[in-house]
Amino acid sequence: MTGFSAPIGVFDSGYGGLTILNKIRERLPQYDYLYLGDNARAPYGTRSFDVIYRFTLQAVRYLFSQSCPLVILACNTASAKALRTIQQKDLPGIDASRRVLGIIRPTAEAVTAISRTGHIGVLGTPGTIQSRSYDIEISKQNPDFVTVGHGCPMWVPLVENNEGDKPGADYFVRQEIERLMARDKEIDTAILACTHYPLLLPKIRHFLPGHVSIICQGDIVAESLADYLQRHPEMEARLSTSAETQFLTTENAVKFSEMASFFLGEPIHADTVTLS
């Protein structure tokens, strides 16, 4: 399927991971990338741990079969509910020389340098919030920090229906931000713990109090990956460098291409694949 030898695999349950891919390509444009969206089975956020783990493992195996030495789970739900099990249980038996990385840990690590009060708000899908993954990771880095997670069930549908920049979205964005801030008025840092949310950033900035810093994952993940490759030259040497990107989806390729073009601001062509 791929036209290059060793791309970096980037996986998401749908479109949101494209915001991560976009920032990674800006930071590391020389590498090849293979993006896979499991759109036919999205959203993952409402599914059980076992189902998310099984779907994510299928995607990782597929990307490995396409010669990816390294796979980024550009999905908060998959990172929260499948990453650790895949790293510890499956990877040694599949190929111990390959790597699967997530996006929650580098995001949690970034909080230390930003927050002054130690009170962190986490805006995410209900599935990510219920997993408490950010609470756990932030606590590892900063045991004294207070983390308040808040689920925003309407935000992803707003983005995927191209309503995120419309006046009608104001109510849903303002409502969830007010609910978050009402729970802890000392919050000074808000993590956008869903890869769709950067497309709502102008409205989120408008309704969040001015003193609250916003953490978007794309830049953080891109910088973390650059640091990882610098620290692991043996992995960096395996990656192909034609500066190309290919896109795969488990849904209709035309539909995916249209939405991906909206997310990335450039014409996209995708191919349909089946995961099993």
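The following paragraphs examine the structure supplied in this document.

Topic: the packing of aromatic side chains
Move 1: The final tally for this structure, using the stated rule, is nine aromatic pairs.
Move 2: Between the aromatic rings of phenylalanine 11 and tyrosine 44, the centroid separation amounts to 6.2 Å while the plane-to-plane angle is 50°, which identifies the pairing as tilted. Of the two residues, phenylalanine 11 sits in strand β1 (residues 8–12) while tyrosine 44 sits in the loop between β2 (33–37) and α2 (49–65), which places them 33 residues apart along the sequence.
Move 3: Of the residues examined, phenylalanine 11 reaches a relative accessible area of 0% and is grouped as buried.
Move 4: Arranged with centres 4.9 Å apart and planes meeting at 70°, the rings of tryptophan 155 and tyrosine 197 form a pair that is edge-to-face. Of this pair, tryptophan 155 sits in helix α8 (residues 155–160) while tyrosine 197 sits in the loop between β7 (189–192) and α10 (201–207), placing them 42 residues apart in sequence. In this pair, the class of tryptophan 155 matches that of tyrosine 197, namely buried.
Move 5: Ring pairs connect the aromatic residues Tyr15, Tyr35, Phe247, Phe256, Phe262 and Phe263, which therefore count as one cluster.
Move 6: Here the basic side chain of arginine 41 rests over the ring of phenylalanine 55, its NZ or CZ set 3.6 Å away from the ring centre.

Description of the sheet that holds strand β8 (residues 213–215)
Move 1: The four strands are arranged β6-β5-β7-β8 in an open sheet whose pairing can be described as parallel. Bordering the open sheet on either side are β6 (146–151) and β8, each of which pairs with just one other strand. Strand after strand, the sheet turns through a mean of 25° between neighbouring axes, direction not considered.
Move 2: As paired elements, strand β5 (residues 119–124) and β7 share four bridges and run parallel to each other. The residue of β7 that forms the bridge with leucine 123 is leucine 192.
Move 3: Sitting on the sheet, helix α9 (residues 169–183) touches β5 and β6, and the angle it makes with β6 is about 150°.

How each quantity is defined
- Residues numbered from 1 in each chain as written.
- Predicted model: local features only at pLDDT ≥ 70, side-chain atom pairs only at ≥ 80, totals over all residues.
- Heavy atoms only, no water.
- Phe/Tyr/Trp six-rings, centres within 6.5 Å; stacked < 30°, edge-to-face > 60°.
- Helix = DSSP H or I, 4+ residues; strand = E, 2+ residues; numbered from the N terminus.
- Buried < 20%, exposed > 50% of the residue type's maximum accessible area, 1.4 Å probe, protein only.
- Lys NZ or Arg CZ within 6 Å of the ring centre and 35° of its normal.
- Pairing = 2+ DSSP bridges.
- Axes fitted to C-alpha atoms, helices over the stretch in contact; angles between N-to-C directions.
- Contact = heavy atoms within 4.5 Å.

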